[in-house]
Amino acid sequence: ATTIPGNGWASPVLWDKQVFLTTVTTTAKQDDPKKGLYFGGERVQAPSEPHQWVVLSVDADTGKIRWQTQVHEGQPAHGKHIKNSYSSETPVTDGQHLYVWLGEVGVFCLDLEGKILWQHKWPSHPTKNSWGYGASPVLHKDRLYIVNDNEKDSYIVALDKLTGREIWRTPRQEKSNWSTPYVWENSVRTEVVTAGSGGVRSYDLDGKLLWEFKGMSAVTVPSSFARDGLLYVSSGFIMDKKWPVYAIKPGAKGDISLKEGQTSN
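Figured I'd write up the structure that's included with this text.

**Some details on the overall build of the protein chain**
Scanning the protein chain from terminus to terminus reveals 0 helices and 22 strands. Taking 265 residues into account, the globule formula puts the C-alpha radius of gyration at 18 Å, and the protein chain, at 19 Å, falls close to it. Residues classed as buried in the protein chain amount to 49% of the 265 residues present. Carbon and sulfur atoms provide 52% of the accessible area of the protein chain, an area that totals close to 13600 Å².

**Things to note about the packing of aromatic side chains**
As enumerated under the stated definition, the model contains 12 aromatic pairs in all. Ring geometry for Trp101 and Tyr133: centres 6.4 Å apart, planes at 85°, overall edge-to-face. One end of the pair, Trp101, is in strand β8 (residues 97-102); the other, Tyr133, is in the loop between β10 (116-120) and β11 (138-140), with 32 residues separating them in the sequence. Neither Trp101 nor Tyr133 differs from the other in exposure class; each is buried. With a centroid separation of 5.5 Å and 45° between ring planes, the pair formed by Trp131 and Trp178 is classed as tilted. Within this pair, whereas Trp131 is found in the loop between β10 and β11, its partner Trp178 is found in the loop between β14 (166-171) and β15 (182-185), the two being separated by 47 residues in sequence. Judged by its relative accessible area of 16%, Trp131 is buried. A relative accessible area of 11% places Trp178 in the buried class. Among the aromatic side chains, those forming a connected cluster through ring pairs are Trp101, Trp122, Tyr133 and Tyr155. Looking at Lys80, its charged tip hangs above the ring of Tyr86, at a distance of 5.6 Å from the centre.

**Observations concerning the pattern of salt bridges**
Pairing between side chains becomes possible if they bear opposite charge and their charged atoms approach one another. With the rule as written, the count across this model stands at 10 salt bridges. A salt bridge links Lys17 to Asp61; the shortest N-O distance between them is 3.7 Å. One end of the pair, Lys17, is in the loop between β1 (13-15) and β2 (18-26); the other, Asp61, is in the loop between β4 (51-59) and β5 (65-74), and 44 residues separate them in sequence. Each of the two residues, Lys17 as well as Asp61, counts as exposed. Here Arg201 makes a salt bridge to Glu174, at a shortest N to O gap of 2.8 Å. Here the residue Arg201 occupies a position in strand β17 (residues 200-203), and Glu174 occupies one in the loop between β14 and β15, the gap between them amounting to 27 residues. Taking relative accessible area as the criterion, Arg201 reaches 8% and is therefore assigned buried. Members of the salt-bridge network, linked through shared partners, are Glu174, Arg201 and Glu212.

Cut-offs applied
Numbers given for residues are sequential positions, taken from 1 along each chain in its written order. Reporting in this predicted model follows two pLDDT cut-offs: at least 70 for local features of residues, and 80 or more for side-chain atom pairs to be given and counted; totals over whole chains, interfaces and linings ignore these cut-offs and use all residues. In computing side-chain properties, one takes all heavy atoms of the structure into account and sets aside hydrogens as well as water. By the criteria applied, helices consist of DSSP H or I runs no shorter than four residues and strands consist of E runs no shorter than two, each listed in order from the N terminus. Within these notes, the globule rule equals 2.2 Å times the number of residues to the 0.38 power, and the radius of gyration is based on C-alpha atoms. Any residue under 20% of the maximum accessible area for its type is buried, any over 50% is exposed, and the rest in between are partly exposed; the area is computed with a 1.4 Å probe on protein chains only. The Shrake-Rupley method, run with a 1.4 Å probe, gives the accessible areas here. Residue values count only the displayed protein chains as cover. When two rings of Phe, Tyr or Trp (its six-membered ring) have centres within 6.5 Å they constitute a pair, described as stacked for plane angles under 30 degrees, edge-to-face for angles over 60, and tilted for the intermediate range. For a Lys NZ or an Arg CZ to count as sitting over a ring, it must be within 6 Å of the ring centre and within 35 degrees of the ring normal. Every case where a carboxyl oxygen of Asp or Glu lies within 4 Å of a side-chain nitrogen of Lys or Arg is listed as a salt bridge.

In structure tokens form, the structure reads like this:
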């Protein structure tokens, strides 16, 4: 067993007997964990103590920490829910580089020995009820896709994975969401699907909107996925009566929202 200091809820990433993960350390007092669904866990006030955002590599065979790299130190700009952390986004790797998106501080590219190759320290934006961030980056071929849905300035951005150069950025008429985007390679084209409470939208590889529809629940967290030629999108929230699941065929264009009473179109 290996004890990792700090807190982080991102899933670990395994590659070539290395386990990559992120954590945040601080001297700030943390709330005791509570089991089950927990309402009232919003901590709106940002902590005044400094925090350290750290990326680690753990040997998968021995559990020993191979290296750890601090990518940022500072005071968080916003509060969070006690069941969230400041490093909830899961990293992604292509086997040569590790890509880390941390909504509170920015995006970082490291080599597999922990050296920072490039970085963008973007400003943090407020999230719904100060719940914090959660959506993870997606790597597809030579690009890194990031969706940042928040209460102030939502967008989807494509970056060159080798240099960090911004290829395109498209504003989104969305508020806070926690759904990781999905690159859908289907029989018609390749597109980037984003699930959101305001609407589900798909973009081409130039950042142009292909299709969209409304009808999700008040909170959107699950990622979309494809199987047997169809795309599946869902959402649900315990305080919402609507828990939809949609199946979409390739080739859609424009607004494909279902009309009231419809179950398909």
